[in-house]
Amino acid sequence: MSIHDRRRSVNGGDRVPLSEELEALAEAYGNRFLLEDAPDEHLPEYGMRSVDAMRLIGEELVLDGIPQRNLATFVTTWMEPEAQRVIAENLHRNFIDHAEYPQTAEIEQRCIRILANLFHAPGETTGARTQGSSEAIMLGALSLKWKWRKRREAAGAATDRPNLIFGGDVHVVWEKFCRYFDVEPRIIPLQPDKYTIGPEDVEPHVDENTIGVAAVLGTTFTGHSDDITGINDLLVRLRDERGLDVPLHVDAASGGFVWPFLFPDSAWDFRLEQVRSINVSGHKFGLVYPGIGWLIFRERSDLAEDLVFYENYLGKTDATFTLNFSTGSAMVLAQYYNFVRFGHQGYRYIMKTMQANARALAERIAGIGEFRLIGAADAEQLPLVAFQLAEARDYDEFDIASQLAAERGWMVPAYTLPPNADHVTIMRALVKLTLGRTLVDTLADDIAQACETLGRKGGLHELDRKRVKTGTGY
């Protein structure tokens, strides 16, 4: 029976069973997805119209938070319409197929060269696009391990006990790498009044089995940087005095697109001689939607040759050293779009704008009178505000975060720091382009109102506190 035949039946012709009648109405007027459960465990026997499938998914996603109100995430939540068009028009392009899409491969190399120059690489180098900083870190750390193993084998020394040194302020992917690839993690605990690491923390852990040290530029906890210059100087001294040539990898997932524009005179990159590799997330302050990351080596020799695979794929021999294979080209092209769209001046303006709004928010939060800010006002920091209650109240930071979520839909995380500072609770609001000055003022007012409400009624019920976003952001 055609749609028109069923419509005639429904409108006065021969009666049809109710289920068929509803099906006919749904097909005629849309919204069939409202009449049935969303497919869950099994592929549905029959499909639905494209518009119904789209609206079904849209109905589900209204339960998610609003990305622009997610002040925990470092990931980009807005791009220009023209960038979105570049992405939409290239979703079908398989990045790995360099034979068919050679210009896409060239654009990747342009991005690598641009980043290498931004990070002051001394000469010709190499790198790769990745799905994000997690893949970039895995590859960079693998290169550290295999370069160490080659040095040890050349010296006739044992290679069965590699270790990697990093602080408790790192992303969890560093611990994942150690577990997945059989490396001993030497994790430096944080302290209640010190949330980054420096050379004095690193030195006791270095020995002949250390494959490298990882330092963070812009931690997810407070937005500050490890003492990368101090750690570099320590490693130079250990090399010269003890013959321990330990490389330094900089995890610049968040800070790699911030420091060059806000703190250009701060040396953290390849200006420091022991820095051999850097990862950075294009989908964070590179201003691209997820997922895109980059791994940049100081020079070609810093990439372990054993990581490189030469393969004939669809008629072209390519050298690859990524963990993934087939993947989309769209975010690579979106990154290049941002490079040519903004340039150095544009990125600097954007970072300065976010920094100015972060400072305005910090001033407003300090003015509430309930909080102390984390870090000195003139400290080098990502554009965010980390803060905590100045003294004990009948409510805590988790209550404030929950109250903000319940009243106004803000996703402001509250969390404890890693050991040995795990009794320290802080809140953190990330200030990106989507949080303009008007919204900064609104957020500050809402935080003050949440404190006033909690001051009258006390802390929230445990069920309410479950709304709190406790992750440090991705």
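Each remark here, short or long, concerns the structure printed above.
Criteria and cut-off values
- Residues numbered from 1 in each chain as written.
- Predicted model: local features only at pLDDT ≥ 70, side-chain atom pairs only at ≥ 80, totals over all residues.
- Heavy atoms only, no water.
- Axes fitted to C-alpha atoms, helices over the stretch in contact; angles between N-to-C directions.
- Helix = DSSP H or I, 4+ residues; strand = E, 2+ residues; numbered from the N terminus.
- Parallel < 35°, antiparallel > 145°, perpendicular 65-115°, else oblique.
- Left-handed = near helix turned anticlockwise from the far one by under 90°.
- Contact = heavy atoms within 4.5 Å.
- Nonpolar A, V, L, I, M, F, W, Y, C, P; charged D, E, K, R; others polar.
- 1 Å grid on protein atoms, 1.4 Å probe; cavity = no way out; pocket = protein on both sides within 12 Å on 5 of 7 lines; lining within 4 Å.
- Points joined across faces, edges and corners; volume = space filled by probe spheres on them.
- Core = buried A, V, L, I, M, F, W, Y, C linked by side-chain atoms within 4.5 Å.
- Buried < 20%, exposed > 50% of the residue type's maximum accessible area, 1.4 Å probe, protein only.

**Q** Sorry if this is basic, but what is going on with the packing of helix H4 (residues 81–88) against helix H11 (residues 330–368) here?
**A** Helix-helix packing is characterised by the crossing angle of the two axes and by the distance between the axes. In contact at an axis separation of 8 Å, H4 and H11 are set at 150° when each is read in the N-to-C sense. One finds that H4 runs roughly antiparallel with respect to H11. Our pair here, H4 against H11, has a crossing hand that is right-handed. Two secondary-structure elements touch here, H4 through Glu 82, Ala 83, Val 86 and Ile 87 and H11 through Ala 330, Met 331, Leu 333, Ala 334 and Tyr 337. Within the contact of H4 with H11, the residues separate by chemical class into eight nonpolar, no polar and one charged.

**Q** Would you mind showing me how to read empty space enclosed by the protein here?
**A** Any empty space left between the atoms is revealed when a probe the size of a water molecule rolls over them. Counted under the stated rule, the structure contains two cavities of 30 Å³ or more. Space inside the second largest cavity adds up to approximately 40 Å³. Pro 67, Gln 68, Asn 70, Leu 71, Thr 77, Leu 430, Lys 432, Thr 434 and Leu 435 together form the lining of the second largest cavity. Counted by class, the lining of the second largest cavity contains four nonpolar, four polar and one charged residues.

**Q** Looking at this model, I keep getting lost on the nonpolar core. Mind explaining?
**A** When a protein is soluble and globular, its nonpolar side chains tend to lie buried together. Judged by nonpolar contacts, the single largest core of 74 residues is most densely connected at Leu 115, Phe 119, Val 202, Trp 268 and Phe 285. Here the element with the most residues in this core is H11; it accounts for 12 residues. Once residues lying within four places of it in the same chain are set aside, the contact partners of Phe 119 are Gly 256, Pro 260, Trp 268, Asp 269, Phe 270, Ile 278, Val 280 and Ile 296. Within the second largest apolar cluster, 30 residues are counted, among which are Ala 358, Leu 361, Val 385 and Met 427.

**Q** Can you help me understand the layout of surface pockets in this one?
**A** Size it by volume and the largest pocket reaches roughly 700 Å³. As for the largest pocket, its lining consists of 34 residues, and the residues nearest its centre are Gln 109, Ile 112, Thr 126, Gly 127 and Phe 321. Secondary-structure elements contributing two or more residues to the lining of the largest pocket are helix H5 (102–118), strand S1 (127–130) and strand S9 (316–320). Counting residues per element, the lining of the largest pocket draws most heavily on H5, at eight residues. Across the lining of the largest pocket, the residue classes tally to 13 nonpolar, 12 polar and nine charged. In this structure, the second largest pocket spans a volume of roughly 290 Å³. Lining the second largest pocket are 19 residues, with Arg 359, Ala 362, Ala 377, Gln 381 and Leu 384 sitting closest to its centre. Of all elements in the fold, only H11 and strand S11 (384–389) reach the threshold of two or more residues within the lining of the second largest pocket. Looking at the lining of the second largest pocket residue by residue, the classes come out as 14 nonpolar, three polar and two charged.

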